[in-house]
Amino acid sequence: MNFLEERIVKDGVVKPGNVLKVDSFLNHQMDISLLNEIGREFHRRFADCPITKVLTIEASGIAIAYPVASEFGVPLVFAKKSKSINIDGEMYVAEVESFTHKNKNQVVVSRRFLGPEDHVLIIDDFLANGCALQGLISIVEAAGATVEGLGIAIEKGFQIGGRVIRNLGYRLESLAIVDAMDDETGTITFRPQDERPGPRQPDRNQVETR
Ligand code: 5GP
């Protein structure tokens, strides 16, 4: 297991409704040294790309994207959720349905902060059905910029988002891919990843979290 999978096993909680709670280290209380390690790992994985901007979506994407932008030495732009229908033409707009809150939000990015010269790395904390990523991709494309890749901390591989994004031809890297989880037993099964550094330990891919 890699560092993030180990932490998920130690502190993640499987909830009913296919929700993995990681609020003790990733998206409520934040473990800064873990976030910095995530930043270094995405920098290593996308080192061959000429990244000029990192793009994420508020709120919980920001914490993951910050150390990534810091490693690349580029600005971080986050899409803002906006209730206003009064968008004034200064903004790129996408509609995103929230997996956790089940509501729809318009998300906006100012035209001042993305343009055709940009090579963008899109970052988010979770990938479920892929609505958030598709919204961010559509904003980058509306700007005429290039999507160099997408980096996700935790992909839930049993939901369709990862397949959809990869089938569209994008380079998607997820640090942990959960292939199955059971809220009754707390069992989490990770997808083995060949590109993972260090020795593989396939017999430890299925782990009880409690
Ligand atoms: P998607 O748009 O891919 O359906 O969902 C991605 C978004 O929903 C992420 O930005 C994340 O905030 C939230 N999300 C999806 N699944 C989970 C989950 O299992 N746990 C948590 N904490 N957030 C999730």
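Reading the values: the criteria
Residues numbered from 1 in each chain as written. Predicted model: local features only at pLDDT ≥ 70, side-chain atom pairs only at ≥ 80, totals over all residues. Heavy atoms only, no water. Near = heavy atom within 4 Å. Polar contact = N/O pair within 3.5 Å; in protein donor to acceptor, adjacent residues only side chain to side chain. Areas by Shrake-Rupley, 256 points an atom, 1.4 Å probe, with all protein chains shown as cover. 1 Å grid on protein atoms, 1.4 Å probe; cavity = no way out; pocket = protein on both sides within 12 Å on 5 of 7 lines; lining within 4 Å. Sits in = over half its atoms within 2 Å of the grid points. Helix = DSSP H or I, 4+ residues; strand = E, 2+ residues; numbered from the N terminus. Nonpolar A, V, L, I, M, F, W, Y, C, P; charged D, E, K, R; others polar. Axes fitted to C-alpha atoms, helices over the stretch in contact; angles between N-to-C directions. Parallel < 35°, antiparallel > 145°, perpendicular 65-115°, else oblique. Left-handed = near helix turned anticlockwise from the far one by under 90°. Contact = heavy atoms within 4.5 Å. Points joined across faces, edges and corners; volume = space filled by probe spheres on them. Bend = angle between axes of the 7 residues up to and from the residue. Buried < 20%, exposed > 50% of the residue type's maximum accessible area, 1.4 Å probe, protein only.

**Student:** Please clarify how the site of the ligand should be interpreted in this entry.
**Tutor:** Taken together, 17 residues are adjacent to the ligand, and Leu-20, Ala-128, Asn-129, Gly-130 and Lys-156 come closest. A distance of 2.8 Å is found between a nitrogen atom of the ligand and a backbone nitrogen or oxygen belonging to Leu-20. If the ligand stood free it would expose 500 Å²; the protein chains cover 89% of that surface. Comparing atom positions with the cavity grids shows the ligand to sit within the largest pocket. Elements that contribute at least two residues to the shell around the ligand include exactly β2 (19–21), β7 (119–127) and α4 (131–142). Sort the elements by how many residues they give to the shell around the ligand and β7 lands first, with four residues. The residue inventory of the shell around the ligand, partitioned by class, reads eight nonpolar, six polar and three charged.

**Student:** Teacher, can you tell me more about the environment of Met-1 here?
**Tutor:** Relative to the helices and strands, Met-1 is located in the segment before α1 (3–11). In sequence terms Met-1 and Gln-193 are 192 residues apart; their C-alpha atoms lie 9.4 Å from each other.

**Student:** Can you walk me through the packing of helix α2 (residues 32–45) against helix α3 (residues 60–72) in this structure?
**Tutor:** Two numbers describe a pair of packed helices, the interaxial angle and the distance between the axes. Packing of α2 against α3 brings their axes to within 8 Å, and their N-to-C directions diverge by 55°. For the element pair α2 / α3, the angle class is oblique. In the packing of α2 onto α3, the handedness of the crossing is right-handed. From α2, Leu-35, Asn-36, Ile-38, Gly-39, Arg-40, Phe-42 and His-43 reach across to α3, where they touch Ala-63, Ile-64, Pro-67, Val-68, Glu-71 and Phe-72. Of the residues contributing to the contact of α2 with α3, the split by class is eight nonpolar, three polar and two charged.

**Student:** Looking at this structure, I do not really get the layout of surface pockets. What am I missing?
**Tutor:** It is the rolling of a water-molecule-sized probe over the atoms that shows where space remains empty. Size it by volume and the largest pocket reaches roughly 730 Å³. Along the walls of the largest pocket sit 32 residues, with Ser-60, Ser-98, Phe-99, Thr-100 and Asp-125 positioned nearest its centre. For the lining of the largest pocket, the elements supplying multiple residues, two or more each, are β2, α3, β5 (91–97), β7 and α4. The element contributing the most residues to the lining of the largest pocket is β7, with four residues. The residue inventory of the lining of the largest pocket, partitioned by class, reads 14 nonpolar, nine polar and nine charged. The volume enclosed by the second largest pocket comes to roughly 160 Å³.

**Student:** Explanation requested: α3 in the structure shown.
**Tutor:** An α-helical turn contains 3.6 residues, so a residue and the one three or four places further along point in the same direction. Remark: the principal bend of α3, roughly 25°, maps to Tyr-66, with a proline, Pro-67, within the next four residues. Among all positions of α3, only Gly-61, Ala-63, Ile-64, Ala-65, Pro-67, Val-68, Ala-69 and Phe-72 are buried. In the segment just after α3, Gly-73 is the residue with positive phi, at about 70°.

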